[in-house]
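Listed below, chain by chain, are the residues.
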Amino acid sequence: MKISRRDFLKLTGAVAGTAALAGLGLPETAEAAAVPIQYAKEVTTICPYCSVGCGIICYVQNNKIVGAEGDPDHPINEGALCSKGSSVFNLSYIYDQQNNAIPHPGRMRKVLYRPPRADSWQEVDWEWALEQIAKRIKETRDSTFEMRDENNVVVNRTKAIAHLGSATCHNEENYLYHKMLRALGVINIDHCARL
Ligand code: SF4
């Protein structure tokens, strides 16, 4: 029988899990032996934390991530993840006292705005925030745009806007940011993982 790396890891994971339960004296029920993610849809992505770019499989059930692990078919990491990448599930969920996954309380769900010279944040709605961001980017870009530099070389750029990507933005998001920023003429672009 031909078996892929992914099948092999799933199989050995299930066997190891059952053996561990047996070692703990816990019942080896069919449910215990089953891999809990077996009914979930697999969605592949790239670890957002560093420029190694390890592949990750996210397991999704009812539009919720129920698990994440290294992608055994990915050429960079072949299924392995470092301790940071292994915790990627915890970007969205943490475990309560009963070991249930609950939404991470530290995850931002509202837009916060700190007006100039203010020392505290206030909640604002998305519509207002997006309009303000678009308006300020446009004003700044238009008033600072350079078509040619001091040597008359065509540059089509603004040096007045910089963009720093967040470590929780994945590869695909960063790709889109990059395209948008280049289209605007922004040249100061960076990301902690250099994605
Ligand atoms: S943080 Fe770890 S798992 Fe993530 S890309 Fe870097 S080495 Fe890979």
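Everything numeric in this text was worked out from a predicted model, so none of it was measured.

A. Broad picture of unusual backbone geometry. Despite not being glycine, N62 has its phi angle at roughly 50°, a positive value. Its 7 C-beta neighbours within 10 Å are what place N62 among the exposed residues. A positive phi angle is found at N63, which is not glycine, with a value near 65°.

B. Region of the structure containing the nonpolar core. Membership of the largest hydrophobic core is limited to 11 residues, which are I46, C47, Y49, C54, I56, I57, C58, Y59, A68, L81 and V88. If you tally residues by element for this core, the top one is strand β2 (residues 55-61), at 4 residues. Not counting chain neighbours up to four residues away, the residues in contact with I57 comprise E42, T44, A68, E69 and D71.

C. Broad picture of helix α5 (residues 171-184). For α5, spanning 14 residues, the distance from its first C-alpha to its last is 20 Å, which sits close to the expected 20 Å at 1.5 Å a residue. Two residues or fewer past α5, G185 is found with a positive phi of approximately 95°.

D. Representation of the site of the ligand. Every residue close to the ligand is listed here: C47, Y49, C50, V52, G53, C54, N77, L81, C82, K84 and G85. Looking at the shell around the ligand residue by residue, the class counts come to 7 nonpolar, 3 polar and 1 charged.

E. Main features of the environment of L164. Tracing the backbone through its elements, the reader meets L164 in strand β9 (residues 154-165). A C-alpha to C-alpha distance of 5.3 Å links L164 and H191, two positions 27 residues apart in sequence. With residues near it in sequence (within four places) discarded, L164 still touches D190 and H191.

F. Local environment of the pairing of β9. Where strand β8 (residues 146-148) meets β9, 2 bridges bridge the pair, whose relative direction is antiparallel. Following the sheet pairing, R148 is matched in β9 by V154. The turn joining β8 and β9, which pair antiparallel and follow one another in sequence, is formed by 5 residues; a positive phi near 70° is taken by N152. In this sheet, strand β10 (residues 186-191) lies alongside β9 in parallel orientation, the contact comprising 5 bridges. By the bridge assignment for β10, G165 is matched with H191. Viewed along the sheet, the connection from β9 through α5 into β10 turns out right-handed.

G. Main features of the sheet that holds β8. On the basis of which strands lie adjacent, the open sheet formed by 3 strands has the order β8-β9-β10 and mixed pairing. In this open sheet, the two strands that pair with only one neighbour each are β8 and β10. Across the sheet, the axes of successive neighbouring strands diverge by a mean angle of 35°, strand direction being ignored. Against the sheet, α5 engages β9 and β10, with an angle of about 160° to β10.

About the cut-offs
- Residues numbered from 1 in each chain as written.
- Predicted model: local features only at pLDDT ≥ 70, side-chain atom pairs only at ≥ 80, totals over all residues.
- Buried ≥ 20, exposed ≤ 12 C-beta atoms within 10 Å, placed from the backbone.
- Core = buried A, V, L, I, M, F, W, Y, C linked by C-beta atoms within 7 Å.
- Helix = DSSP H or I, 4+ residues; strand = E, 2+ residues; numbered from the N terminus.
- Contact = placed C-beta atoms within 7 Å.
- Expected span 1.5 Å × (residues − 1).
- Near = placed C-beta within 6 Å.
- Nonpolar A, V, L, I, M, F, W, Y, C, P; charged D, E, K, R; others polar.
- Pairing = 2+ DSSP bridges.
- Right-handed = clockwise from strand over helix to strand, strands pointing away.
- Axes fitted to C-alpha atoms, helices over the stretch in contact; angles between N-to-C directions.

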